[in-house]
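Coordinate analysis (summary)
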Amino acid sequence: NKPYAIWVEKRAPPRKPSYGVKGVCKRFVIWYLSTSKKERWMLAEEYPKHYLRGIFDSEGSVIVQESYSSNAPKLDCRLALYNTDLELLRFVQRLLSKLGYRSKIYKVYDAVGYAKFPEGCFPRRKAEYVLTIMKREDVKRFANEIGFTIRRKQERLQRYVTLYETYGAGIR
């Protein structure tokens, strides 16, 4: 029923498994392979909310956690987009900024050391970065204006927004 299929290729250590998405819409795959990154980004600028929803669906996370401020617990939520392509994250940040969202990019890991996966530890080959949206008002706007098509991510985000609107940031 879906225009894509997800596959996993298990490989012998020290190589980590390879994950991929196989497009089954031939016209889309031909178009995608025949265009440059710049051309695809120009299209993304025409439809920024759709592009952002897609990239956050594939690479993004909703992180809800309890934190402490002045010894009082509070509920925090941030949207995180992890990737090794810093140019891509800067492009996403520009799209978010044009829509009025505040975001920051941080370096998470250098291209040294090992990454832990359920399948084992594997050497890092690239630096990893994260783009975060942390301001509560921006997180709430994202939930209402962009959101996720992946149900579990949207439900987690919506639960946070509902809790925040009902109880505020404080946890008792």
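Right, let's walk through the structure included here. (Residues numbered from 1 in each chain as written. Predicted model: local features only at pLDDT ≥ 70, side-chain atom pairs only at ≥ 80, totals over all residues. Heavy atoms only, no water.)

**Remarks on helix α4 (residues 86–98)**
The criterion, for reference: Helix and strand assignments follow DSSP, with helices taken as H or I runs no shorter than four residues and strands as E runs no shorter than two, numbered in order from the N terminus. Expected helix span is given by 1.5 Å per residue-to-residue step, counting one fewer step than there are residues. Throughout this description, buried means an accessible area under 20% of the type-specific maximum (1.4 Å probe, protein chains only), exposed means over 50%, and partly exposed covers the range between. Taking the helix axis as origin, the arc is that swept by the directions to the C-beta atoms. Here a residue-residue contact requires only that any non-hydrogen atoms of the pair lie within 4.5 Å. Two N or O atoms form a polar contact when they lie within 3.5 Å of each other; inside protein one atom must be a possible hydrogen donor and the other a possible acceptor, and for residues adjacent in sequence the pair counts only when both atoms belong to side chains.
With 13 residues, α4 extends 18 Å from end C-alpha to end C-alpha; this agrees with the ideal 18 Å at 1.5 Å per step. Turning to α4, its buried residues number three or more, namely Leu88, Leu89, Phe91, Val92, Leu95 and Leu96. Relative to the axis of α4, the buried residues are bounded by an arc of 160° and lie together on one face. Buried residues in α4 make contact with α2 (37–46), α3 (48–59), β4 (72–83), β5 (104–109) and β8 (128–133). One side-chain oxygen at the N-terminal end of α4 lies 3.1 Å from the backbone nitrogen of Glu87; it belongs to Asp85. Where α4 terminates, the next one or two residues include Gly100, which has phi positive at roughly 90°.

**Thoughts on the side chain of Lys140**
On the secondary structure map, Lys140 appears in helix α5 (residues 136–145). Excluding anything up to four places from it in sequence, Lys140 contacts Val161, Tyr164 and Glu165.

**Here we look at the packing of aromatic side chains**
In plain terms, the rule: Here is the rule: rings of Phe, Tyr and Trp (six-membered ring for Trp) pair when centre to centre is within 6.5 Å. Planes less than 30 degrees apart are stacked, more than 60 are edge-to-face, and the remainder are tilted.
Within this structure, the stated rule accounts for six aromatic pairs. Seen from their ring centres, Phe56 and Phe142 are 5.0 Å apart, and the 65° between their planes marks the pair as edge-to-face. Here Phe142 lies in helix α5 and Phe56 lies in helix α3, a separation of 86 residues in the sequence. Residue classification places Phe56 among the buried residues on the basis of a relative accessible area of 0%. Among the aromatic residues, those joined into a ring-pair cluster are Phe56, Tyr101, Phe142 and Phe148.

By themselves these figures say nothing about function.
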